[in-house]
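# Examining the three-dimensional arrangement
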Amino acid sequence: MSVSAGAKVQRRTSGLSDKVRKRIEITILSLPALIMFLGFVILPVFMAGYYGFFKWKGYGKPTVNGQFIGFENYKVILTDPNFQQALGHTLFVVARLFCQAFLPRFLHALCRFCRDFCRKCRLPSVIVPVTIFNNLTEVFFMTALSPRRTFSGTALKTIACITMLVDHIGASCIEAGILTPGLDAGTLSQDALSAYPLYRLDMVLRFTGRLAFPLFCFLLVEGFVHTHNVKGYLGRLVLFGLLSEVPFDLAFFRTPFFPGAQNVYWTLALGVLAMAGLKHFEKENGLPGWQGLVWAGGCAALALATTTDYNASGVIIICALYLTRTNRKWQCLAGALLFMFELTAPLAFVLVWFYNGQRGACSPLQKKAFYWFYPVHLLVLAGITNLML
């Protein structure tokens, strides 16, 4: 017995030492590459950004042989037409690479959604073309998305944040920062706008970003259904609505206070308030009572009166997703139909179709990061739009 126990201890010790030894070897072997990367890539980028704040002759220290001029160099570069065209081409290539990376997965999910739906509905006129197209795409994209792969709540929330960032880059940096000032100053004409490279890039970014709000509406319903503290849930939305309002106005309207539009947190908060009313006045058979419908209508009217993002339509869609929450097929159909006013927004419900009903791995830090992502990224975009464009 003692020999066996000693052998186990020896094996555990040797196994632990092997792990430590491997980690040390990996660290030592990676250290030269990391030092070179920091010295020849990261450091020059920061140094170039630092030197850009000076009028400098190119030798000596800029603080000695130069003059601090703030953002003047950046303003000259960012207002140069050639640089804008080059930047537009670069962003277009990045957006195209992003689409190439995620489009196969999306098309595969779309095809499987259509095939499953059509098989249930037994529509012969639709089954044949969809099945053929699905089988063809499975040949090309079988390694991109496993047929049994699904999305957790954390995965959907991550996708929503990424597409929202893409959308806001177009709305803030390109539209509020370049296109709108150009139209106001007369340097851009309305007739020639459609041929402008940045305008076409903006369309790509905005169409991609249309997936974000439908996903957030669905996740809001899931959060409301599973939360044990509706007041706390509503309070967090209101708090971050207050924190996001100034960055929202600065990013999209270039002013710290714009009464004509409010950020999306207020829409989501009113959506939670509307769902709370529907749940409170729900009948025994599960149908909404007339008092709950009136309450939800009041929340939608308040969103319309205060001009929140997506205003009354956003609250109505949230209520529709809540009322159809027990049937995923009807929930996806209702959401897709109600979002028909935006070209690409209904496609978000292809991702919702593959939601597995689980929250997924999400630490408390990640949960806080999802809440803070909205005001922080708006603040960064506001700084770029107002200080550099």
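Residues numbered from 1 in each chain as written. Predicted model: local features only at pLDDT ≥ 70, side-chain atom pairs only at ≥ 80, totals over all residues. Heavy atoms only, no water.

What follows covers the overall build of the chain. Summing up its helical and strand segments, the chain has 15 helices and two strands in all. Within the chain, the fraction of its 389 residues that count as buried is 37%. Taking the contacts inside the chain whose residues are at least 6 apart along the sequence as the reference set, 68% of them involve residues at least 24 apart. Looking at the chain as shown, the accessible area adds up to about 22800 Å², and 69% of this sits on carbon and sulfur atoms. (Helix = DSSP H or I, 4+ residues; strand = E, 2+ residues; numbered from the N terminus. Buried < 20%, exposed > 50% of the residue type's maximum accessible area, 1.4 Å probe, protein only. Contact = heavy atoms within 4.5 Å. Areas by Shrake-Rupley, 256 points an atom, 1.4 Å probe, with all protein chains shown as cover.)

Tracing the chain through its elements places Leu242 in helix H9 (residues 230-253). With relative accessibility at 56%, the residue Leu242 sits in the exposed group.

Once that is clear, we can look at a nonpolar patch on the surface. Together, Leu31, Leu34, Ile35, Met36, Phe37, Leu38, Phe40 and Val41 give the surface a local cluster of nonpolar side chains, amounting to about 800 Å² of exposed area. If you trace the backbone, Met36 turns up in helix H1 (residues 2-51). Met36 gets classed as exposed once you look at its relative accessible area, which sits at 51%. (Patch = residues over 30% accessible without salt bridge, like charges linked within 9 Å, V, L, I, M, F, W, Y side chains within 5 Å. Salt bridge = Lys/Arg side-chain N within 4 Å of Asp/Glu carboxyl O.)

Before going further, it helps to examine the pattern of salt bridges. Under the definition given, this model contains six salt bridges. With its nearest N and O atoms 3.2 Å apart, the salt bridge here joins Arg21 to Glu25. Of the two residues, Arg21 and Glu25 are both situated in helix H1; the distance of four residues between them amounts to about one turn of the helix. Here Glu282 ties to Arg325 by a salt bridge, and the two come within 3.5 Å at their closest N and O atoms.

Our focus in this paragraph is the nonpolar core. In terms of nonpolar packing, the biggest core is built from 62 residues, with Leu156, Leu220, Leu237, Met275, Val315 and Phe339 touching the most fellow members. It is helix H8 (residues 212-226) that provides the largest number of residues to this core, a total of ten residues. Excluding anything up to four places from it in sequence, Leu237 contacts Leu220, Tyr265, Leu268, Ala269, Val272 and Tyr371. Core analysis: the next-biggest nonpolar cluster, separate from the first, contains nine residues, Ala95, Ile178, Leu201 and Leu205 among them. (Core = buried A, V, L, I, M, F, W, Y, C linked by side-chain atoms within 4.5 Å.)

A separate point is the packing of helix H6 (residues 153-185) against helix H7 (residues 197-209). At a minimum axis distance of 7 Å, the contact between H6 and H7 shows a crossing angle of 150°. With respect to H7, the element H6 is oriented roughly antiparallel. The two elements H6 and H7 meet at a crossing, and its hand is left-handed. Residues Thr163, Val166, Asp167, Ile169, Gly170, Ala171, Ile174, Glu175, Ile178 and Leu179 of H6 pack against Leu198, Tyr199, Leu201, Asp202, Leu205, Arg206, Thr208 and Gly209 of H7. Its residues assigned to classes, the contact of H6 with H7 comprises ten nonpolar, four polar and four charged. (Axes fitted to C-alpha atoms, helices over the stretch in contact; angles between N-to-C directions. Parallel < 35°, antiparallel > 145°, perpendicular 65-115°, else oblique. Left-handed = near helix turned anticlockwise from the far one by under 90°. Nonpolar A, V, L, I, M, F, W, Y, C, P; charged D, E, K, R; others polar.)

In this section: the packing of helix H10 (residues 264-280) against helix H11 (residues 290-305). Put simply, H10 and H11 touch, their axes get as near as 7 Å, and they point 170° apart. The pairing of H10 with H11 is recorded here as roughly antiparallel in orientation. Residues Leu270, Leu273, Ala274, Gly277 and Leu278 of H10 pack against Gly292, Leu293, Trp295, Ala296, Cys299, Leu302 and Ala303 of H11. Partitioning the contact of H10 with H11 into residue classes produces ten nonpolar, two polar and no charged.

The next subject is the confidence of the model for the chain. Within the chain, residue pLDDT values average 81, and 80% of them lie at 70 or more. Every residue in residues 7-14 scores below 50 in pLDDT, and together they form zero contacts with partners more than four places removed in sequence or on other chains. (pLDDT = per-residue confidence, 0-100.)

Before going further, it helps to spend a moment on unusual backbone geometry. With the exception of glycine, most residues fall at negative phi, and the peptide bonds are largely trans. Residue Thr307 is not a glycine yet carries a positive backbone phi of 50°. Within the secondary structure, Thr307 is located in the loop between H11 and helix H12 (311-323). A positive phi angle, close to 35°, is found at Asn311, a residue other than glycine. Relative to the helices and strands, Asn311 is located in helix H12.

Before going further, it helps to spend a moment on the side chain of Thr344. Relative to the elements of secondary structure, Thr344 occurs in the loop between helix H13 (328-338) and helix H14 (348-353). For Thr344, a relative accessible area of 16% gives the class buried. A distance of 2.6 Å separates a polar atom in the side chain of Thr344 from the backbone oxygen of Phe207. In this structure, Thr344 is in contact with Phe207, Arg210 and Leu211, ignoring residues within four places of it in sequence. (Polar contact = N/O pair within 3.5 Å; in protein donor to acceptor, adjacent residues only side chain to side chain.)

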